[in-house]
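Secondary and tertiary structure notes
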Amino acid sequence: MTSSATKPRGVRARAAIAAKTLRTDRWWFAPLITVIGLSAWVAYATVRVFMHKWYWVEDYHYLTPFYSPCVTDRCLPEASHFGQYLPGWWIIPDAAFTLPFLLLFRLTCYYYRKAYYRSFWLSPPACAVPDGHASYGGETRFPLIVQNSHRYFFYFAAIISLINTWDAILAFHSPEGFGFGLGNLILLGNVVMLWAYTISCHSCRHIIGGRLKTFSKHPVRYRAWGYVSWLNVRHMQLAWITLGTLALTDFYVMAVSAEWISDLRFIN
Ligand code: FES
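Residues numbered from 1 in each chain as written. Predicted model: local features only at pLDDT ≥ 70, side-chain atom pairs only at ≥ 80, totals over all residues. Heavy atoms only, no water.

A cluster of like negative charges, contributed by Glu58, Asp59, Glu78, Glu176 and Glu259, occupies part of the molecular surface. Relative accessible area serves as the criterion here: at 40%, Glu58 is assigned to the partly exposed category. (Patch = residues over 30% accessible without salt bridge, like charges linked within 9 Å, V, L, I, M, F, W, Y side chains within 5 Å. Areas by Shrake-Rupley, 256 points an atom, 1.4 Å probe, with all protein chains shown as cover. Salt bridge = Lys/Arg side-chain N within 4 Å of Asp/Glu carboxyl O. Lys, Arg positive; Asp, Glu negative; His and termini not counted. Charge placed at Lys NZ, Arg CZ, Asp CG, Glu CD. Buried < 20%, exposed > 50% of the residue type's maximum accessible area, 1.4 Å probe, protein only.)

In structure tokens, the structure reads:
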């Protein structure tokens with residue numbers, strides 16, 4: 001008899017029972033919610049990215065993160081904080097320099113991998129539930145070996161968080177000069193959550209405290225590692241919260257830009 005430890009890769013080790021699973025709880029609920037949540041978010045983001053309008057509020061300098069930085073020659077000049085470098089073809093997102101990296105950062109994220117492997121790929125859909133596929137290749141060959149590049153996308157994501165922070169600072173504006181409204185709170189809240197998600201990344205935790213053999217000789221890194229570790233255990237929650245804050249920020253900017261609502265102003 002072959003033990004599970006010595007089974008060749010791709011051969012499933014499972015007790016000889018007729019039932020697909022012995023679980024009687026609602027194990028399918030989490031994958032189902034994940035499919036609905038991620039599908040809805042991707043649909044919304046895709047529509048918004050290719051809408052090419054309602055991304056900038058001239059009076060208050062609100063720029064949605066879905067269009068930041070705005071780098072095509074279709075962008076409004078005032079919204080192009082970092083210049084215009086690409087032609088404004090409809091297929092090219094206005095934030096073409098950042099969106100692909102953000103997409104890859106999230107796609108290769110350890111949490112999202114778990115989420116979409118379970119919910120979309122059923123590999124496996126839950127603990128003690130059979131894999132939806134006959135064999136298991138892991139992440140050791142193409143295309144899933146690309147998941148190992150996550151640590152590099154972390155650096156791009158950190159730069160993009162800096163750009164979003166700059167956008168949030170520039171938004172303290174009104175036709176009279178300095179101004180502050182509900183839009184600023186939403187933009188700031190989004191940026192804080194984006195930083196929390198980015199810093200809670202497993203790659204970030206490794207960069208901060210990995211490879212250290214003696215923490216006592218590196219007290220600053222040890223302390224930083226402690227903070228990052230505190231965030232890291234909340235990474236899943238932050239992954240979902242930031243999807244929410246991104247969509248909320250974009251929707252609010254769109255609603256004010258389209259003049260469906262007025263921004264609630266606290267100062268100017
Ligand atoms: S592990 Fe999720 S962003 Fe790095």
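Quick look at the environment of Ala168 now. As for its placement among the helices and strands, Ala168 is situated in helix 4 (residues 150-170). Accessibility expressed as a relative area gives 3% for Ala168, which makes it buried. C-alpha separation for the pair Ala168 and His61, spaced 107 residues apart in sequence, amounts to 9.0 Å. Residues contacting Ala168, with those up to four places away along its chain left out, are Leu187, Leu188 and Val191. (Helix = DSSP H or I, 4+ residues; strand = E, 2+ residues; numbered from the N terminus. Contact = heavy atoms within 4.5 Å.)

So, about the packing of aromatic side chains. Any two aromatic rings considered together are summarised by their centre-to-centre distance and by the angle between their planes. For the coordinates displayed, the defined rule picks out 21 aromatic pairs. With centroids separated by 4.7 Å and ring planes inclined at 10°, the aromatic side chains of Tyr55 and Tyr67 adopt a geometry described as stacked. A residue pair is termed long-range when its members are at least 10 positions apart, and Tyr55 in the loop between helix 1 (29-49) and strand 1 (56-57) and Tyr67 in the loop between strand 2 (62-63) and helix 2 (99-107) qualify at 12 residues. Both residues of the pair, Tyr55 and Tyr67, count as buried. Seen from their ring centres, Phe172 and Phe180 are 5.8 Å apart, and the 20° between their planes marks the pair as stacked. One aromatic cluster in this structure is built from Phe105, Tyr111, Tyr112 and Tyr197. Seen from the ring of Phe29, Arg26 lies directly overhead, with NZ or CZ sitting 4.9 Å from the centre. In this structure, Arg113 packs its charged tip against the face of Tyr110, placed 4.8 Å from the ring centre. (Phe/Tyr/Trp six-rings, centres within 6.5 Å; stacked < 30°, edge-to-face > 60°. Lys NZ or Arg CZ within 6 Å of the ring centre and 35° of its normal.)

Taken as a whole and assessed by the stated rule, the structure comprises one disulfide. Two residues share a disulfide in this structure: Cys70 and Cys75, whose sulfurs sit 2.2 Å from each other. Taking the torsion about the sulfur-sulfur bond, which here is approximately -85°, the covalent link between Cys70 and Cys75 counts as left-handed. Comparing Cys70 with Cys75 shows no difference in burial state: the two are buried. (Disulfide = S-S within 2.5 Å.)

Here we take up the packing of helix 5 (residues 182-199) against helix 8 (residues 235-257). The N-to-C vectors of helix 5 and helix 8 enclose an angle of 155°; their axes lie 9 Å apart at closest approach. In terms of orientation, helix 5 lies roughly antiparallel with respect to helix 8. Relative to helix 8, helix 5 is oriented so that their crossing is left-handed. Mapping the contact onto sequence places Leu182, Gly183, Ile186, Leu187, Asn190, Met193, Leu194, Ala196 and Tyr197 in helix 5 and His235, Leu238, Ala239, Ile241, Thr242, Thr245, Leu246, Leu248, Thr249 and Tyr252 in helix 8. (Axes fitted to C-alpha atoms, helices over the stretch in contact; angles between N-to-C directions. Parallel < 35°, antiparallel > 145°, perpendicular 65-115°, else oblique. Left-handed = near helix turned anticlockwise from the far one by under 90°.)

In this section: the confidence of the model for the protein. Per-residue pLDDT for the protein has a mean of 93; in total, 95% of the residues score no lower than 70. In the model, residues 1-5 has pLDDT below 50 throughout and makes two contacts with residues more than four positions away in sequence or in other chains. (pLDDT = per-residue confidence, 0-100.)

By size, the foremost hydrophobic cluster in this structure holds 20 residues, and its most contacted members are Phe105, Tyr111, Tyr112 and Tyr197. At five residues, the largest contribution of residues to this core is made by helix 3 (residues 110-119). Beyond its immediate sequence surroundings of up to four residues, Phe105 is in contact with His150, Phe153, Phe154, Ala157, Tyr197, Thr198 and Cys201. (Core = buried A, V, L, I, M, F, W, Y, C linked by side-chain atoms within 4.5 Å.)

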